[in-house]
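Structural overview for review
Given next are the chains, with one letter for each unit.
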Amino acid sequence: MSSKILVLTVAFFCLVALLELFSIEKLDHKNGSFVTEFILLGLSGQWELQIFFFGIFSLIYGATLIGNILIMVTVTFTSTLHSPMYFLLGNLSFLDMCLSTATTPKMITDLLTEHKTISVWGCMVQMFFMHFFGGAEMILLIVMAFDRYIAICKPLHYRTIMSYRLLRGFVIFSWVIGFIHTMSQMLLTVDLPFCGYNVIDSIFCDLPLVIRLACVETYTLELFVIADSGLLSFISFIMLLISYSVILITVQQRSSGGLSKALSTLSAHIIVVTLFFGPCIFIYAWPFSNFASNKTLAVFYTVITPLLNPIIYTLRNQKMQEALRKLLFQRIVVTWNF
Ligand SMILES: *[C@@H]1O[C@H](CO)[C@@H](O)[C@H](O)[C@H]1NC(C)=O
């Protein structure tokens, strides 16, 4: 199980490296397409400020990788954490790590360069992965809400309903939906001709901003992106709110004391869900307004949220903290022979 994670992680980073390599070569020789690269305005400001951001974001990204890998390792190696909830949590961590890796490293290195450019191809790759992992994460968050619903409202049937076969099916399903979601948008975007203005006022490529630069009429495509990304995030968010409300109402009707316990379990989920969906809804449900280029929102959902997830889940979870402590302590004892 653990070697699988390792292989997956290594494979992922190799893929990213390969794609970066390819995106340096200019592969765009499409007819009527003159623009081969976009200029990212990035976080503007004096270079002292850029270096400050470079330091901060590097730290955050490093912490994101370490935090999420620690969660995956802890969940895999601790037998007390072999339950559906932690299985899903481990997979959420994996997705968070990938989502952050799709945008942050490029953004961080851009902070140190004066001319921040990205090839059209690299831009497409970045958008593909962002929507792939983002879409999968939305579905996984819904699965996690479903898991809590069964655990809290049907505790006697929990083990039978949430079998590992079903869980694995859910995880694969979330990846498939993420893939369909991103492919449906990218198939319509890769063929767009870009021939004039090529400045993206953001820290990475994102669909609403890139589509606007095409030199053909893109009104239908814009509507499609709103429908695809905007509705997916909006409907998922509403579904999650409804499922959390159903859980809380069910618990309250059963006993008055259960509500506070359920609330404390669910609050971590509710915080994570709000942090993840809030910016997405602002960016995609009104993508052609100015929210789309709001850099604070962009930083939030690609840099900050992937770090907050492991922090929120570990800080609010006694069992997780204990397992983490035990794991780290054992490693230290074994490694340094205390
Ligand atoms: C995530 O899901 C995969 C495939 O269903 C599973 O094999 C793996 O153990 C899960 N990851 C973690 C860290 O639990």
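All of these numbers come straight from a predicted model, not from anything done at the bench.

1. Here's the deal with the pattern of salt bridges
Following the criterion strictly, the structure yields 3 salt bridges and no others. Two residues, R148 and D147, come together in a salt bridge whose shortest N-O distance is 2.9 Å. Across the pair, exposure class does not vary: R148 and D147 are buried alike. Where D201 meets K295, a salt bridge forms, and the shortest distance between an N and an O atom there is 2.9 Å. Remark: K295 occurs in helix α10 (residues 295-315) and D201 occurs in the loop between β3 (199-200) and α7 (207-211); sequence separation between them is 94 residues. D201 gets classed as partly exposed once you look at its relative accessible area, which sits at 36%. Residue K295 is classed as buried on the basis of its relative accessible area of 17%.

2. Points about the UniProt feature "transmembrane region" (unreviewed entry) in the protein chain
The positions UniProt marks with the feature "transmembrane region" (unreviewed entry) are residues 47-73, 85-104, 124-146, 166-184, 231-251, 263-286 and 298-315. Counted over residues 85-104, helix gives 100% and strand 0%. Its end C-alpha atoms are 28 Å apart. Counting secondary structure, residues 298-315 comes out at 100% helix and 0% strand; the distance between its end C-alpha atoms is 25 Å.

3. Quick look at the sheet that holds strand β1 (residues 37-40)
Strand order across the open sheet formed by 3 strands is β2-β1-β3, with mixed pairing between neighbours. Whereas interior strands pair on both sides, the edge strands pair on one side only; in this sheet they are β2 (117-119) and β3. Bridge count for β1 against β2 is 3 bridges, and the pairing is antiparallel. Among the inter-strand pairings, E37 is bridged to a residue of β2, identified as S119. Contacting β1, β2 and β3, helix α4 (residues 120-153) crosses the sheet at an angle of about 85° to β2.

4. Let's talk about empty space enclosed by the protein
The full count for this structure, using the stated rule, is 3 cavities of 30 Å³ or more. The volume enclosed by the largest cavity comes to roughly 130 Å³. Lining of the largest cavity is provided by 14 residues; of these, H131, G134, M138, C280 and Y284 occupy positions nearest its centre. Going through the elements one at a time, α4, α8 (219-254) and α9 (256-285) are the ones with two or more residues in the lining of the largest cavity. Counting residues per element, the lining of the largest cavity draws most heavily on α4, at 5 residues. In terms of residue class, the lining of the largest cavity is made up of 8 nonpolar, 6 polar and no charged.

5. Re the nonpolar core
Core analysis: the largest hydrophobic core is formed by 96 residues, its most contacted members being F38, F57, L141, F194, I200 and F277. With 22 residues, α4 is the single largest residue contributor to this core.

6. Brief notes about the state of the cysteines
Per the counting criterion, the structure on display carries 2 disulfides. Each sulfur of the disulfide joining C123 and C205 lies 2.0 Å from the other. The sign of the -120° torsion about the S-S bond sets the C123-C205 disulfide as left-handed. Placement of C123 in helix α4 and of C205 in the loop between β3 and α7 is noted, with a sequence separation of 82 residues between them. Assessed through its relative accessible area of 0%, C205 is described here as buried. Through a disulfide, C195 is tied to C215; the S-S separation comes to 1.9 Å. An S-S torsion of about 140° defines the bridge between C195 and C215 as right-handed. Of the two residues, C195 is situated in the loop between α6 (164-189) and β3 and C215 in the loop between α7 and α8; the sequence distance between them amounts to 20 residues. Numbered by position along the chain, the disulfide-linked cysteines of the protein chain connect as 1-3, 2-4.

Cut-offs used in this document
Residues numbered from 1 in each chain as written. Predicted model: local features only at pLDDT ≥ 70, side-chain atom pairs only at ≥ 80, totals over all residues. Heavy atoms only, no water. Salt bridge = Lys/Arg side-chain N within 4 Å of Asp/Glu carboxyl O. Buried < 20%, exposed > 50% of the residue type's maximum accessible area, 1.4 Å probe, protein only. Helix = DSSP H or I, 4+ residues; strand = E, 2+ residues; numbered from the N terminus. UniProt positions renumbered as here; feature names shortened; annotations may be inferred. Pairing = 2+ DSSP bridges. Contact = heavy atoms within 4.5 Å. Axes fitted to C-alpha atoms, helices over the stretch in contact; angles between N-to-C directions. 1 Å grid on protein atoms, 1.4 Å probe; cavity = no way out; pocket = protein on both sides within 12 Å on 5 of 7 lines; lining within 4 Å. Points joined across faces, edges and corners; volume = space filled by probe spheres on them. Nonpolar A, V, L, I, M, F, W, Y, C, P; charged D, E, K, R; others polar. Core = buried A, V, L, I, M, F, W, Y, C linked by side-chain atoms within 4.5 Å. Disulfide = S-S within 2.5 Å.

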